[in-house]
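Chain by chain, the residues:
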Amino acid sequence: MQSWSRITEPGTIDDLVTDAGEAGYEVTARLVHDWVAQGLLDKPTRRSKGRRGSAKALHATNQRKLFLLLLEKRQQMPKIPSLALIPLYLWLYFGDDYVPTRQAVKALRTWLKDGMRNKRVAREAARGMLQQLDHSLASDTARNRLLRLLTDVGYTGRFDQEELVEAARAVFEPASVFAGTGLVRAAGHPDVAVTVEGFLTYTEAMCTAIRRVRDGGLDTALFDRVRLVHRRTKPDYLARHHEYAAADSGAFAAAFAAPMLDDVVNDCGRELLTIVGFEVLSAEGHLGHVV
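Given the structure is predicted, the values throughout are model-derived calculations rather than measurements.

Enquirer: I would appreciate a short explanation of the overall build of the chain in the present structure.
Expert: A count of helices and strands for the chain gives 14 helices and two strands. Of all intrachain contacts in the chain linking residues separated by at least 6 positions in sequence, the fraction that spans at least 24 positions is 72%. Entry remark: accessible area of the chain is about 15300 Å², with carbon and sulfur atoms responsible for 51%.

Enquirer: Sorry if this is basic, but what is going on with the packing of helix H8 (residues 140–156) against helix H11 (residues 196–214) here?
Expert: Axis angle and axis distance: for two packed helices, these are the angle between their axes and the distance between the axes, and together they describe the pair. Running from N to C, H8 and H11 point in directions that differ by 30°, and their axes come no closer than 9 Å. As far as their axial angle goes, H11 and H8 are roughly parallel. Together, Leu150, Val153, Gly154 and Thr156 of H8 and Phe199, Thr203, Cys207, Ile210 and Arg214 of H11 make up the contact between the two elements.

Enquirer: Hey, could you run me through the packing of aromatic side chains in this one?
Expert: One pair of aromatic rings is described through two measures. These are the centre distance and the angle between the planes. What the rule picks out here adds up to five aromatic pairs. Measuring from centroid to centroid gives 4.4 Å for Trp91 and Phe223, while their planes differ by 10°, and the two rings are stacked. On the criterion of sequence distance, the pair formed by Trp91 in helix H5 (residues 85–94) and Phe223 in helix H12 (residues 220–246) is long-range, its members being 132 residues apart. Neither Trp91 nor Phe223 differs from the other in exposure class; each is buried.

Enquirer: What is the right way to look at the nonpolar core in this model?
Expert: Nonpolar side chains in soluble globular proteins tend to be buried together. By size, the foremost hydrophobic cluster in this structure holds 51 residues, and its most contacted members are Trp35, Leu41, Phe67, Leu71, Leu88, Phe223 and Leu273. Put simply, the parts of the chain that give this core at least two residues each are helix H1 (13–22), helix H2 (29–37), helix H3 (61–73), H5, helix H6 (101–117), H11, H12 and helix H14 (261–283). No other element matches the eight residues that H14 contributes to this core. Leaving out residues up to four positions away in the same chain, Phe67 has contacts with Leu16, Ala20, Val27, Leu31, Val32, Trp35 and Leu41. Listed in part, the 20 residues of the second largest apolar core include Leu133, Leu164, Val196 and Leu200.

Enquirer: It is not clear to me how H11 should be interpreted in this structure. Could you clarify?
Expert: Taking 1.5 Å of rise per residue, the 19 residues of H11 would be expected to cover 27 Å, and the 27 Å separating its terminal C-alpha atoms lies within 8% of that figure. Just downstream of H11 lies Gly216, where phi reads positive at about 80°.

Enquirer: How do you make sense of the confidence of the model for the chain when you look at a structure like this?
Expert: Summing up the model confidence of the chain, the mean pLDDT is 85 and the portion of residues at 70 or higher is 83%. Mean pLDDT values for the elements of the chain range from 50 in helix H13 (residues 251–255) up to 97 in H2.

Enquirer: What's the story with the environment of Arg158 in this structure? I'm lost.
Expert: With respect to the element layout, Arg158 can be found in the loop between H8 and helix H9 (161–172). Taking relative accessible area as the criterion, Arg158 reaches 53% and is therefore assigned exposed. For the pair formed by Arg158 and Thr208, sequence separation is 50 residues and the distance between their alpha carbons is 8.7 Å. If we ignore the near neighbours within four places in the chain, the residues touching Arg158 are Asp152, Val153, Cys207 and Arg214.

Enquirer: Where do I start with a nonpolar patch on the surface in this structure?
Expert: On the surface, Tyr93, Phe94 and Tyr98 cluster together into a nonpolar patch covering about 290 Å² of accessible area. Its location among the elements puts Tyr98 in the loop between H5 and H6.

Enquirer: How should I be thinking about the pattern of salt bridges in this particular structure?
Expert: Between side chains of opposite charge, a pair can form as their charged atoms come close. This structure, assessed with the given rule, holds 17 salt bridges. The residue Arg214 makes a salt bridge to Asp215 at a minimum N-O spacing of 3.3 Å. Taking the relative accessible area as the measure of exposure, Asp215 reaches 58% and is therefore exposed. Each member of the salt-bridge network shares a partner with another, and the members are Arg6, Asp19, Glu22 and Arg64.

Enquirer: It is not clear to me how the packing of H9 against H11 should be interpreted in this structure. Could you clarify?
Expert: Look at H9 against H11: their axes get within 10 Å of each other, and the N-to-C directions meet at 135°. When the interaxial angle is binned, H9 and H11 end up oblique. At the point where H9 passes H11, the crossing takes the right-handed sense. The residues of H11 that touch H9, namely those facing Gln161, Leu164, Val165, Ala168, Arg169 and Phe172, are Val196, Glu197, Phe199, Leu200 and Thr203. Looking at the contact of H9 with H11 residue by residue, the class counts come to seven nonpolar, two polar and two charged.

Enquirer: In this structure, what is going on with the side chain of Glu271? I would like to understand it.
Expert: Looking at the element boundaries, Glu271 is found in helix H14. For Glu271, a relative accessible area of 14% puts it in the buried group. At 2.9 Å, the side chain of Glu271 and the side chain of His230 are in polar contact.

About the thresholds
- Residues numbered from 1 in each chain as written.
- Predicted model: local features only at pLDDT ≥ 70, side-chain atom pairs only at ≥ 80, totals over all residues.
- Heavy atoms only, no water.
- Helix = DSSP H or I, 4+ residues; strand = E, 2+ residues; numbered from the N terminus.
- Contact = heavy atoms within 4.5 Å.
- Areas by Shrake-Rupley, 256 points an atom, 1.4 Å probe, with all protein chains shown as cover.
- Axes fitted to C-alpha atoms, helices over the stretch in contact; angles between N-to-C directions.
- Parallel < 35°, antiparallel > 145°, perpendicular 65-115°, else oblique.
- Phe/Tyr/Trp six-rings, centres within 6.5 Å; stacked < 30°, edge-to-face > 60°.
- Buried < 20%, exposed > 50% of the residue type's maximum accessible area, 1.4 Å probe, protein only.
- Core = buried A, V, L, I, M, F, W, Y, C linked by side-chain atoms within 4.5 Å.
- Expected span 1.5 Å × (residues − 1).
- pLDDT = per-residue confidence, 0-100.
- Patch = residues over 30% accessible without salt bridge, like charges linked within 9 Å, V, L, I, M, F, W, Y side chains within 5 Å.
- Salt bridge = Lys/Arg side-chain N within 4 Å of Asp/Glu carboxyl O.
- Left-handed = near helix turned anticlockwise from the far one by under 90°.
- Nonpolar A, V, L, I, M, F, W, Y, C, P; charged D, E, K, R; others polar.
- Polar contact = N/O pair within 3.5 Å; in protein donor to acceptor, adjacent residues only side chain to side chain.

Put into structure tokens, the structure is as follows:
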């Protein structure tokens, strides 16, 4: 967008509205305030005029550019939770010069609210999990039951462990194949194999993260640590995703397909939420106790 090139310094809220108008968008100062509250934009820096009061606060240069990017992307993804993934992506991959951690925490909370208030969104996420657990000989009844339970997990952040284990085994290890054999199914590459136990640990981590973010317990120190964990582990995963994909077919191969930029952006929320959960469980000494 050509209007980005002329933005070389911080600006007031009036400057942001002017930037938008020159780029062809009709907005008001109220939109800027709303987006700051939701973490799409960072709060501006206050300026003192001494005894004469204060001047209008300044939004950072990169935040002015982010505002135009969000307005552009709003044409394709009009929902606020979807837009919240953009500052999360910038914070994760480009750092605090683009999006500070305090803003990223608010953006994650805004993104999460979409699933917590919308059962359709929670159900779509549940379908993705079901596909990875599915066995070709599982019954439709078992699949529907697990889909319902997983939807409730995404919507409420809670689950009954015994009930979910039973439902997951009925889909992942159907009785017609595994009953009485003593065998335990592990699907995919050995280094990242999917098992019922691993699925339960992952679910517990996600629920822990949902509660932590929803209840306002995600602080900047924890989220900075989450970013460090992501940066340490993601490159190795990307280097080996072809190997992981070759270890299986169908849902697992698709899960390990080479990500496009849109996929990377869309996966930010889920990946960060997962690490939040595992970091909290690890700090509380609960990892390894979920069965």
